[in-house]
Amino acid sequence: MDISGKRMVENLKAIDYVRLSGTEGEEKAANFIAGKIKELGAEPVIETFDVPFYTIEKVKLEALKPFNKEYEATGYGFSGNAAKDGIEAELKYLESFDDLSLQNIQGKIVLFVGGVNAQTFEKLIKAGAVGFIGVCGHYLDKKGTFDLEERMLREQQIVNGVIPGVCIHVNDAVAIVDKGVKKVRLTLSQNETTAKSRNVTTFVTGTKFPDEIISVTAHYDSVVFSHGMFDNGSGTVNNLEMLRYYLKNPPRRSLRFVFCGSEERGIYGSRNFVEQHEEEIKKTRLCCNVDMTGPVLGKDIVRITGEDKIIHAIDYYAKVHGHVATVYQDTYPSDGMPFAWKGVPAVNFYRQAAAGTTQIHCRHDTLSRITAKSLESTGKFIVEVMNTIINADSFPFERKIPDNMVEKTNGMLKNMPGYKTDGEDKDKQQKKQVS
Ligand SMILES: [Zn+2]
């Protein structure tokens, strides 16, 4: 089978830079993918859409009592602005978000370990906190070998209001609490706007069943500081290699390749695609999403948001053909989700890296952590499995999502920007009827 890990690595080298949503890096990668599609002999289409975008202009965290000290901090995107010269307030360390911890935080700046979700952020707002300090990193981090995370609040977190926040290193957080810092000044100034992001797509018409479509997706954006070679340059080049293969070996069913932008910011690209192509989605029978392949040590996983039949079939295929893979039913928070939301089963392929062998979402997600051999092994498996479906005499699965997966998909989407589920619509209608 002509699937080449070497070619994949060559393509990875061409997108070995930060491809953050809404930035020049992302646009440059989109143009590279479009050029590659053309070179392979297909017609690329670039579809643009808006994404939320922020620029931090000023961020500062200072202890004021019992001593003066400034700490390195990053600003939370979309957490608003903290008065021109900063907010001065008492500091309270929150061990938890339970009622007891939330007592007496009115007017205070709170420090907590980890992140916030929609529910915990709402609690902070209701309890009257005026600012927050999140914590990232590991106590073994050495200066110059890590970046403080740049976090952001998502749309669903700020529906009940917003307070400014910063993120500091865990070692500073330990010192602040241990030394009993009582008063801090938090300064944050940011510009909140929107930017352009892009999906790059192409279509390969099926030779026998052109109206039965299978989507092949992968996100090509990365996060700040990360060159995203594993997450998800690898899936991107895997799918370019798949496109090359299917242009040479015409598929019996149609394939829609979507290279998605802005997955890392909230799966915007894939959602935009399913919303913009409703008629095509009705004809789409399955989504094949590839998100992270290539580490030497690890295991291939196929996580399927679909009925048991698909799980059994792929598990059977892997075993019969001697490819070690863990196949199971679940949702996967990536580009397959919007497809599942629209009723299209999603098969997510990835290679779970062995602990300690690579990292994602930071400067350490580099080309050195993945190999051509590993990319090729998983890549061949994906094409072999997909061939059985793409070229089947009769489509082996129904286009449906079982109830347990509908529930789980909706549960996850609740926490993502802009999704409405059927259930929510019904809820709202019922509420309307009541009122
Ligand atoms: Zn990813």
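Residues numbered from 1 in each chain as written. Predicted model: local features only at pLDDT ≥ 70, side-chain atom pairs only at ≥ 80, totals over all residues. Heavy atoms only, no water.

(A) Geometry of the pairing of strand E4 (residues 82–93). Looking at chain direction, E4 and strand E8 (residues 183–204) are connected through five bridges and run antiparallel. Paired with Glu90 across the bridge in E8 is Lys183. Pairing geometry for E4 and strand E5 (residues 109–111), over three bridges, is parallel. Opposite Leu91, over in E5, you have Ile109 as the bridge partner. (Pairing = 2+ DSSP bridges. Helix = DSSP H or I, 4+ residues; strand = E, 2+ residues; numbered from the N terminus.)

(B) A look at the pattern of salt bridges. For the structure shown, the criterion picks out 28 salt bridges. With a closest N to O distance of 3.2 Å, Lys36 and Glu39 form a salt bridge. Of this pair, Lys36 and Glu39 are both found in helix H2 (residues 24–40), three residues apart, which corresponds to roughly one turn of the helix. In this structure, Arg185 and Glu62 form a salt bridge, with 3.2 Å as the shortest nitrogen-oxygen distance. Remark: Glu62 occurs in strand E1 (residues 45–65) and Arg185 occurs in strand E8; sequence separation between them is 123 residues. Through salt bridges with shared partners, one network takes in Asp2, Arg7, Glu241 and Arg244. (Salt bridge = Lys/Arg side-chain N within 4 Å of Asp/Glu carboxyl O.)

(C) Highlighting the coordination of the zinc ion. Coordination sphere of the zinc ion, protein contribution only: His219 (NE2), Asp231 (OD) and Asp291 (OD), at 2.0 to 2.5 Å. Mapping the donors of the zinc ion onto the primary sequence gives the spacing H-x11-D-x59-D. Pair noted here: His219 is in strand E9 (residues 209–219) and Asp231 is in helix H6 (residues 229–248), with a separation of twelve residues, a long-range link. Across the pair, exposure class does not vary: His219 and Asp231 are buried alike. (Donors = N, O, S within 2.8 Å, 3.2 Å for Na, K, Ca; no water. Buried < 20%, exposed > 50% of the residue type's maximum accessible area, 1.4 Å probe, protein only.)

(D) Structural context of the pairing of strand E14 (residues 346–353). Counting buried positions along E14 gives six out of eight residues, so the element sits mostly inside the fold. Both strand E11 (residues 284–290) and E14 contribute to a ladder of four bridges, which runs parallel. In the strand pairing of E14, Asn289 is matched with Asn348. Inspection of the sheet shows strand E12 (residues 298–305) paired to E14 by eight bridges, in the antiparallel sense. Bridging from a neighbouring strand, Thr305 pairs with Ala346 of E14.

(E) View of the domain arrangement of the protein. Parsing the protein into structural domains produces domain 1 (5–52 + 195–413) and domain 2 (67–181). Relative to domain 2, the C-alpha centre of domain 1 lies at a distance of 35 Å. Counting residues at the interface gives nine residues for domain 1, matched by ten residues for domain 2. Interface area, domain 1 with domain 2, both sides summed: about 830 Å², of which 48% is carbon and sulfur. Per-residue buried area on domain 1 facing domain 2 is highest for Phe225, Arg265 and Arg363; these three make up 58% of the total on that side. (Domains from an automatic or database assignment. Contact = heavy atoms within 4.5 Å. Buried area = accessible area lost by both parts, 1.4 Å probe.)

(F) Quick look at the packing of aromatic side chains. Under the defined criterion, the tally for this structure stands at ten aromatic pairs. When the ring of Tyr76 is compared with that of Phe132, the centres are 4.7 Å apart and the planes differ by 70 degrees; the resulting orientation is edge-to-face. Taken as a pair, Tyr76 in the loop between strand E3 (74–75) and E4 and Phe132 in strand E6 (residues 131–136) lie far apart in primary sequence, 56 residues in all. The class for Tyr76 is buried, based on a relative accessible area of 2%. Geometrically, the ring pair formed by Phe273 and Phe339 is stacked, given 6.4 Å between the ring centres and 25 degrees between the ring planes. With Phe273 in helix H7 (residues 268–276) and Phe339 in helix H10 (residues 336–341), this residue pair connects regions lying 66 residues apart in the sequence. Every member of this aromatic cluster is reached through a ring pair, and the members are Tyr76, Phe97, Phe112, Phe121 and Phe132. Positioned above the aromatic ring of Tyr17 is the side chain of Lys28, whose terminal nitrogen or guanidinium carbon lies 4.2 Å from the ring centre. (Phe/Tyr/Trp six-rings, centres within 6.5 Å; stacked < 30°, edge-to-face > 60°. Lys NZ or Arg CZ within 6 Å of the ring centre and 35° of its normal.)

(G) Fine view of a nonpolar patch on the surface. On the surface, a nonpolar cluster with roughly 250 Å² of combined accessible area is contributed by Tyr93, Val113 and Val177. Along the chain, Val177 turns up in helix H5 (residues 170–178). (Patch = residues over 30% accessible without salt bridge, like charges linked within 9 Å, V, L, I, M, F, W, Y side chains within 5 Å. Areas by Shrake-Rupley, 256 points an atom, 1.4 Å probe, with all protein chains shown as cover.)

(H) Examining the packing of helix H1 (residues 5–14) against helix H11 (residues 372–390) more closely. Across the interface, H1 lies against H11 with an axial gap of 7 Å and an inter-helix angle of 115 degrees. Remark: the crossing between H1 and H11 carries right-handed chirality. Two secondary-structure elements touch here, H1 through Gly5, Lys6, Met8, Val9 and Leu12 and H11 through Ala372, Leu375, Glu376 and Gly379. Classifying every residue of the contact of H1 with H11 by side-chain character gives five nonpolar, two polar and two charged. (Axes fitted to C-alpha atoms, helices over the stretch in contact; angles between N-to-C directions. Left-handed = near helix turned anticlockwise from the far one by under 90°. Nonpolar A, V, L, I, M, F, W, Y, C, P; charged D, E, K, R; others polar.)

(I) Structural context of the side chain of Arg253. Inspection of the secondary structure puts Arg253 in strand E10 (residues 253–260). In terms of polar contacts, Arg253 uses its side chain to reach the backbone carbonyl oxygen of Ile390, at 3.1 Å. Among the polar contacts made by the side chain of Arg253, one reaches the main-chain carbonyl oxygen of Ala392 at a distance of 2.8 Å. Here Arg253 is in contact with Val204, Gly206, Phe209, Glu212, Ile214, Ile389, Ile390, Asn391, Ala392, Asp393, Ser394 and Phe395, once residues within four sequence places are set aside. (Polar contact = N/O pair within 3.5 Å; in protein donor to acceptor, adjacent residues only side chain to side chain.)

(J) Summary view of the confidence of the model for the protein. With 96% of its residues at a pLDDT of 70 or more, the protein shows a mean pLDDT of 93. The low-confidence segment residues 425–435, where pLDDT is below 50, has two contacts with residues more than four positions distant or belonging to other chains. (pLDDT = per-residue confidence, 0-100.)

(K) Structural detail: the packing of helix H9 (residues 308–320) against H11. Running from N to C, H9 and H11 point in directions that differ by 125 degrees, and their axes come no closer than 11 Å. In terms of orientation, H9 lies oblique with respect to H11. Crossing of H9 over H11 shows right-handed handedness. Counted together, Ile314, Tyr317 and Ala318 of H9 and Phe381, Glu384, Val385 and Thr388 of H11 form the full contact between these two elements. Residues belonging to the contact of H9 with H11 are distributed by class as follows: five nonpolar, one polar and one charged. (Parallel < 35°, antiparallel > 145°, perpendicular 65-115°, else oblique.)

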